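Residue-level listing of the chains:
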Amino acid sequence: QAGFPFDTGGSCMEPSAQVVDIDNDGDMEILIATGSSLKAYHHDCTMVAGFPVTVGGYGTHTAAVADLDGDGDLEIVIAGQRSDLYVYRTDGTLEPGWPQNLDDDDGAAGSPALADLDNDGDLEIVIGTFKDLNGSSGYIFARMYVFHHDGTRYDGWPVYDVDSYAVSASPAIADIDNDGSLEIIVAGRDTQTVHAWNDDGTIVPGFPVSLSGLIDSSPTVADVDNDGDLEIFIATGSEKVYGLHHDGTFLAGWPQNMGGGSTERSSPSIGDIDGDGDLEIVCGSAHHNVYAWHHDGTIVTGWPQPTGTSGAFAQGTPALADVNGDGDIEIIASAYTGIFVWDDDGTLHTGYPVETGWTRSSPVITDLDLDGDVEIIVGSMNHNLYAWDLAGTLNPGNVEWGSFRHDLYNSGYYNWNSVGINDADEIVIVKTPFELSCSPNPVMNASTISYVLSANGCVHLDIYDISGRLVRILVDGEYLTPGEHSVLWDGRNSSGIKAAPGIYFCRLESGSNAGTLEMILLD
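Note that the coordinates shown come from a computational prediction; the quantities given were computed from them, not determined experimentally.

## Some words on the overall build of the protein
Assigned secondary structure in the protein consists of 0 helices and 37 strands. Out of the 523 residues in the protein, the part that is buried amounts to 59%.

Now the structure itself:
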């Protein structure tokens, strides 16, 4: 990519990047933490006005990005080691109510995650902390915090029952037990336990679960066995990847051994890499390999694949996406020696690995310059930011796992989306009573959205982008009668500007009912 790599002038970059149009100008920006600051770059490598901004401490965290308060503008959530939790506007100024102190000089060792825990239309912020050892009293345990978007604390939080001096990884947020409410999943590093809480801070039955080995890996969540409940996957320093049911019991066929012999920092990614309709689990290893397993724990043919000789750790979370336009999913991983790209059968692509020096951050799959092609973006420990322009056309429907924690909310959830769907792997999602659909989908220039009302009512039909930002209001409280209705979306935002290619969500509300469908807008 023209202008890359370039020296960011900061310290080594352990955090992963986020790529999003933060200023709603139709161009994409790169957000990445270096040292004690958060930087934002335009696609042409120039700094966004108002940046860099202070993170405090040492910025080892990946930002979360969303419209927290529903005002139509994005906010950026970031924290640093031994520092406060910050929420910045896209012009680099702080949101009112921020920063917020994490009590008793706690520091955040993982990245924040976002979700609407209380279903009020605004997003909450979830983050874990670490504590130094106290020489006189021994351990002072870490905590989990939840904040409202305005900086006030969520009822029932923080919780003090992590029983660990560090939550050194990031939380996952999903409805793991299918009860209609979201749960928060995280690991205690030194106590080697996985915890799960309900949104009110109470412990989910069956948790915590004791594993073996220090845990610096973040949990990943998906329904891999198609039983309607979600499973949790996480790597540990005992050289294993564990699979857990939503009730804390061990998944059949798991754990699986990676032979690392060191702390495993890579977090598993999940996706259907071989096109068989079942999900696979992919994870890097401190034993200089990348592994891929079927959901039952059997190894995928052709795996593991090496990332070099001794010391060539694969510490980033692998990305899973079609990067060459052949319709198949590739595995993209960062390691000490650079960036690797393999086919699903383990065949290394010609020209890889690409040398970057020691790279611990996770690759991001995106279309940075909106030319329709795939770009891979990653930061390295030599404080350079890299971007490669590949020949493949970016199809958002062929990105199974595109960044460190899967999405801009850092959810760690395979089926995540920004407007509350639980089945985001389907192009069209139908939810009664609306029979909501659109045609064509994917959308080239325009698409007709059709729906059926079973009763009179006021209708709101809106288009959101993947960050949860309102893009267009198509039906604004119009009172409609029962029967079939339709409306045309021309692929433009509320200013009449063509929206950027990518995934969008159409949300229909009438009375107490709501339905959502996913739409893919092509260039």
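## Some words on unusual backbone geometry
Only a minority of non-glycine residues have a phi that is not negative, and only a minority of peptide bonds are not trans. The step from Phe4 to Pro5 runs through a cis peptide bond, and the omega angle for that step is -5°. Its place among the elements puts Pro5 in the segment before strand S1 (6-7). Phi at Cys45 is positive, roughly 80°, even though this residue is not glycine. On the basis of relative accessible area, Cys45 is assigned to the buried category, the value being 16%. Its identity is not glycine, yet His406 carries a phi of approximately 85°, on the positive side. Along the chain, His406 falls in the loop between strand S30 (399-401) and strand S31 (437-439). The exposure class of His406 is buried, given its relative accessible area of 16%.

## Overview of the packing of aromatic side chains
Applying the stated criterion across every chain, the model contains 15 aromatic pairs. Their ring planes at 75° and their centres at 5.1 Å tell us that Phe233 and Trp254 sit as a pair that is edge-to-face. On the criterion of sequence distance, the pair formed by Phe233 in strand S17 (residues 231-236) and Trp254 in the loop between strand S18 (240-244) and strand S19 (256-257) is long-range, its members being 21 residues apart. Assessed through its relative accessible area of 0%, Phe233 is described here as buried. Classification of Trp254 by relative accessible area gives buried; the value is 6%. Ring centres 5.4 Å apart and planes at 75° place the aromatic pair Trp303 and Trp342 in the edge-to-face group. Pair noted here: Trp303 is in the loop between strand S22 (289-294) and strand S23 (305-306) and Trp342 is in strand S26 (residues 338-342), with a separation of 39 residues, a long-range link. As far as the burial class goes, Trp303 and Trp342 line up, both buried.

## What to know about the sheet that holds strand S10 (residues 124-128)
The strand order across the open sheet built from 3 strands is S9-S10-S11, with neighbouring strands paired in antiparallel fashion. At either margin of the open sheet sits one strand with a lone partner, and together these are strand S9 (113-115) and strand S11 (144-147). Sheet twist, expressed as the mean angle between neighbouring strand axes with direction ignored, is 25°. Strand direction decides the pairing type here: S9 and S10, joined by 3 bridges, are antiparallel. Bridging across to S10, Ala113 finds its partner in Val126.

## What about the side chain of Gln315?
Mapping Gln315 onto the fold places it in the loop between S23 and strand S24 (319-321). Using a relative accessible area of 11% as the deciding quantity, one classes Gln315 as buried. Only 2.9 Å separates the side chain of Gln315 from the side chain of Arg360, close enough to count as a polar contact. For Gln315, the contacting residues outside a window of four places in its chain are Arg265, Ser266, Ser334, Trp358 and Arg360.

## Observations concerning the state of the cysteines
Working definition: the covalent bond between the sulfur atoms of two cysteines is a disulfide. Tallied over the entire structure, the rule returns 0 disulfides. With no disulfide of its own, Cys438 lies closest to Cys506 among cysteine sulfurs, the gap being 7.4 Å. Judged by its relative accessible area of 10%, Cys438 falls in the buried class.

## Side note on the pairing of strand S7 (residues 75-79)
Where burial is concerned, most of S7 is hidden: 5 out of the 5 residues are buried. Covered by surrounding structure in S7 are Glu75, Val77 and Ala79 together with Ile76 and Ile78, the residues of both alternating faces. Here strand S6 (residues 64-66) pairs with S7 via 3 bridges, running antiparallel. Among the inter-strand pairings, Val65 is bridged to a residue of S7, identified as Ile76. Note: S7 against strand S8 (residues 85-89), 5 bridges, orientation antiparallel. Bridged to Val77 within S8 is Val87.

## Re the sheet that holds S24
The strand order across the open sheet formed by 4 strands is S26-S25-S24-S30, and the pairing between neighbours is antiparallel. If you trace the sheet from one side to the other, it starts and ends with S26 and S30, each paired once. Mean inter-strand twist for the sheet, computed between neighbouring axes without regard to direction, equals 20°. Of the strand pairs in this sheet, S24 and strand S25 (residues 330-335) are connected by 3 bridges, and their pairing is antiparallel. Opposite Ala319, over in S25, you have Ile332 as the bridge partner.

## Digging into the pattern of salt bridges
Under the defined criterion, the tally for this structure stands at 3 salt bridges. Glu95 is the partner of Arg89 in a salt bridge, and the nearest nitrogen-oxygen pair spans 3.1 Å. Exposure remark for Arg89: the relative accessible area of 32% places this residue in the partly exposed category. Between Arg507 and Glu509 there is a salt bridge, and its shortest N-O distance comes to 3.1 Å.

## Here we look at the side chain of Glu231
Assignment of secondary structure puts Glu231 in strand S17. Of the side chains with opposite charge, Arg405 lies nearest to the buried Glu231, which makes no salt bridge, at 15 Å. Contacts of Glu231, omitting those with residues within four sequence positions, involve Thr220, Val221, Ala222, Asp223, Val224, Asp225, Leu244, His245 and Leu251.

## Some words on the nonpolar core
Counting residues in each nonpolar core, the largest one holds 55 residues, and the members touching the most others are Leu38, Ile176 and Val221. Of all hydrophobic cores here, the second largest spans 30 residues; its members include Ile281, Trp293, Trp342 and Trp401.

## Structural notes on a negative patch on the surface
The grouping of Asp23, Asp25, Asp27 and Asp44 at the surface amounts to a negative patch. Take Asp44: it is sitting in the loop between strand S4 (37-42) and strand S5 (53-54).

About the cut-offs
- Residues numbered from 1 in each chain as written.
- Predicted model: local features only at pLDDT ≥ 70, side-chain atom pairs only at ≥ 80, totals over all residues.
- Heavy atoms only, no water.
- Helix = DSSP H or I, 4+ residues; strand = E, 2+ residues; numbered from the N terminus.
- Buried < 20%, exposed > 50% of the residue type's maximum accessible area, 1.4 Å probe, protein only.
- Phe/Tyr/Trp six-rings, centres within 6.5 Å; stacked < 30°, edge-to-face > 60°.
- Pairing = 2+ DSSP bridges.
- Axes fitted to C-alpha atoms, helices over the stretch in contact; angles between N-to-C directions.
- Polar contact = N/O pair within 3.5 Å; in protein donor to acceptor, adjacent residues only side chain to side chain.
- Contact = heavy atoms within 4.5 Å.
- Disulfide = S-S within 2.5 Å.
- Salt bridge = Lys/Arg side-chain N within 4 Å of Asp/Glu carboxyl O.
- Lys, Arg positive; Asp, Glu negative; His and termini not counted.
- Core = buried A, V, L, I, M, F, W, Y, C linked by side-chain atoms within 4.5 Å.
- Patch = residues over 30% accessible without salt bridge, like charges linked within 9 Å, V, L, I, M, F, W, Y side chains within 5 Å.
- Areas by Shrake-Rupley, 256 points an atom, 1.4 Å probe, with all protein chains shown as cover.
- Charge placed at Lys NZ, Arg CZ, Asp CG, Glu CD.

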